[in-house]
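# Fold and contact review
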Amino acid sequence: MEIKLTPKSEIELRTARLQEKLTQQALDGAIILLNSDMFYFTGTVQTSYLYVPASGEPVLMIKKSLSRGKAESPLKNIVPIKSPKEIPGILAEFTYTSFNRIGMALDVLPVNLFNRYQKIFPNTQFCDISPAIKEIRSIKSPYEVELLRDALSVIDKAHLAVPSFLREGMMEIELAALFEAEMRKRGYSGCCKMRAFNQDLFLGNTLSGSSGCAPSFFDGPVGGNGVAVTHPHGASWKKINRNEAVYIDYTCVVHGYTGDQTRIFCIGELTPQMVKAFEAAVFIEAEIIKAIKPGTPAEEPYLLALKLTEEMGYKDSFMGYQDDKVKFIGHGIGLELDEFPILAKGLKTPILPGMTFALEPKFVFPEGAIGTENSFVMTEKGPEFLSSTPNVITYIK
């Protein structure tokens, strides 16, 4: 798999959309700092500062590495910088001297850094442009959708390889390592990013039996014990037994874009209860896919899932066990794992063509976690699968 550089046309389109938002908010420009946003608007991830004016060419100021930034980014104005104190002077060289109102992503900027920029721009009013950036990034171009297809293709191949190495008595962490190797050798770059504060995620979850009911801090339906209290999530030292659900839920980052998928395996046979719950999860997913269309409010899939689970008697186990539930059934995917749309109660954001999301109806019981997760893109005709692995329980004798 070759390294891909973001086409100039993509960067120009993204910049134009941001400049439109800046004009609407009467801002002179925006300073971009977060790596995810930096990559989106420049095509490179360096220690750098990006200034996007409301009109005109952006200026990318790179502390390290200038040579790599110039090789990877199609931007016209790429210059060296030693300290953010130099930003006003550098921008003046490009005739950008009006800084009355500047946008910054205040949802992720630490207060200490914010205070530093206030000293650099003492007469500037800083305004939050994070909602605008998240809205822009939520609509994927055909180019971005293809990158997500690449990511899902890697997860698909890894899931299909599981029967070749899943064995009774192996530890969860051992299975996780083998699964991760299948993705890594196909181009998984690692470093799954989340915008939410302190929602650290390694790569994914490999759990078996009762581990699937172990809660964690992570804002997901399934936790896991992990291998240390500092990382209380995911695969542990537990041995995998016969006749229990083996739950593999992983992200896959290829060329920066994050796919998300869950599949269930079992050495032997699952109990009728677990099989029935899996079938319920697949049914819920199918009903949601039939129900949503372009313009559907983001809360409707979740509300429909709640209705169906209550009718089927799974209210206490849906999206977590008892008090450890999460209150969503899906989330946007892209450069980060928690992009728009978030499929949760109270969120009226319409699901629009170009939005990409993971849908994950799951159930958690004391004996384990079970369910499904697939990634989709909303098209003019409705949701389209990006995942292709068979949505079944894979049994290993």
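Along each chain, residue indices are assigned from 1 in the same order as the chain's sequence is written. Selection of residues for local features in this predicted model requires a pLDDT of at least 70, selection of side-chain atom pairs for listing and counting requires 80 or more, and totals for whole chains, interfaces and linings are taken over all residues. The side-chain values count all of the structure's non-hydrogen atoms but skip hydrogen atoms and water molecules.

An unreviewed UniProt entry lists the chain under the name Peptidase M24, with Desulfofarcimen acetoxidans given as the organism.

## Thoughts on the packing of helix α1 (residues 8-24) against helix α2 (residues 35-42)
Note on method: axes are straight lines fitted to C-alpha atoms, helices fitted across the in-contact stretch only, with angles between N-to-C directions ranging 0 to 180 degrees. Helix and strand definitions here come from DSSP, where helices need a minimum of 4 consecutive H or I residues and strands a minimum of 2 consecutive E residues; each element is numbered from the N-terminal end. Packing of α1 against α2 leaves a shortest axis separation of 7 Å and a crossing angle of 115°. By the angle between their axes, α1 is roughly perpendicular relative to α2. Residue-level inspection shows I11, R14, T15, R17 and L18 of α1 in contact with α2, the latter providing F39, Y40, F41 and T42. The classification used treats Ala, Val, Leu, Ile, Met, Phe, Trp, Tyr, Cys and Pro as nonpolar, Asp, Glu, Lys and Arg as charged, and all other residues, Gly among them, as polar. Considered class by class, the residues forming the contact of α1 with α2 number five nonpolar, two polar and two charged. Working definition: roughly parallel below 35 degrees, roughly antiparallel above 145 degrees, roughly perpendicular at 65 to 115 degrees, and oblique for all remaining angles. The contact definition used throughout considers only heavy atoms, calling two residues in contact when any of these lie within 4.5 Å.

## With respect to the pattern of salt bridges
Between Lys or Arg on one side and Asp or Glu on the other, a salt bridge is scored when a side-chain nitrogen of the former is within 4 Å of a carboxyl oxygen of the latter. Throughout the structure, instances matching the rule amount to 27 salt bridges. One salt bridge in this structure joins E373 and K362, with 3.1 Å as the shortest N-O distance. Taken together, the residues span a long stretch of sequence, with E373 in the loop between β14 (368-371) and β15 (374-379) and K362 in strand β13 (residues 362-365) at a distance of 11 residues. When salt bridges that share partners are traced, they join D37, D107, K134, R137, K140, R195, E336 and E339 into one network.

## Examining the packing of helix α7 (residues 142-161) against helix α8 (residues 172-184)
The interhelical angle for the contact between α7 and α8, taken along N-to-C directions, is 140°, at an axis separation of 8 Å. Classified by the angle between their axes, α7 and α8 sit oblique to one another. Seen from above, α7 lies across α8 with right-handed handedness. Residues V154, I155, A158, H159 and A161 of α7 form the contact with α8, whose own contacting residues are F179, E182 and M183. Helix crossings are classified by the rotation of the near helix relative to the far one: an anticlockwise turn of less than a right angle makes the crossing left-handed, while a clockwise turn makes it right-handed.

## Section: the nonpolar core
Nonpolar side chains in soluble globular proteins generally cluster together in the buried interior. Core analysis: the largest hydrophobic core is formed by 60 residues, its most contacted members being L18, I32, L50, L166, L175, M183 and I248. The greatest single-element share of this core, amounting to nine residues, is contributed by α7. When residues of this core are assigned to domains, at least three fall in each of domain 1 (8-137) and domain 2 (139-396). Leave out the neighbours within four places in its chain, and L166 touches L175, I240, V246, F265, I267 and I396. We define a nonpolar core as any set of buried Ala, Val, Leu, Ile, Met, Phe, Trp, Tyr and Cys residues linked to one another through side-chain atoms lying within 4.5 Å. To sort residues, take the accessible area from a 1.4 Å probe on protein chains only and compare it with the maximum for the residue type: under 20% means buried, over 50% means exposed, and anything in between is partly exposed. Of all hydrophobic cores here, the second largest spans 41 residues; its members include A277, A281, F365 and I370. What counts as a domain boundary in this text is fixed by an automatic or database domain assignment.

## Thoughts on the packing of aromatic side chains
Stacked, tilted and edge-to-face pairs are distinguished by plane angle, under 30 degrees for stacked and over 60 for edge-to-face with tilted covering the rest, among Phe, Tyr and Trp rings (Trp via its six-membered ring) whose centres lie within 6.5 Å. One pass over the full model with this rule turns up 13 aromatic pairs. Their ring planes at 85° and their centres at 6.4 Å tell us that F217 and F218 sit as a pair that is edge-to-face. Note on F217: relative accessible area 39%, which makes it partly exposed. Classification of F218 as buried rests on a relative accessible area of 12%.

## Quick notes on the UniProt feature "domain: Peptidase M24" (unreviewed entry) in the chain
UniProt positions are given in the numbering used here, feature names are shortened, and annotations may be inferred rather than shown by experiment. The feature "domain: Peptidase M24" (unreviewed entry), as given by UniProt, occupies residues 146-380 in the numbering adopted here. For the annotated span residues 146-380, helix accounts for 26% and strand for 22% of the residues, and the straight-line distance between the end C-alpha atoms is 17 Å.

## Looking at the UniProt feature "domain: Creatinase N-terminal" (unreviewed entry) in the chain
Under the UniProt annotation, "domain: Creatinase N-terminal" (unreviewed entry) lies at residues 14-139. Note that residues 14-139 is 41% helix and 23% strand, and that its end C-alpha atoms are spaced 10 Å apart.

## Concerning the state of the cysteines
Two cysteine sulfurs form what is called a disulfide whenever their separation falls within 2.5 Å. Going through the model one piece at a time under the given rule, you end up with zero disulfides. There is no disulfide at C252, and the cysteine sulfur nearest it, in C192, is 9.9 Å away. Here C266 is not disulfide-linked; the sulfur of C213 is the nearest cysteine sulfur, at 18 Å. What makes C266 buried here is its relative accessible area of 0%.

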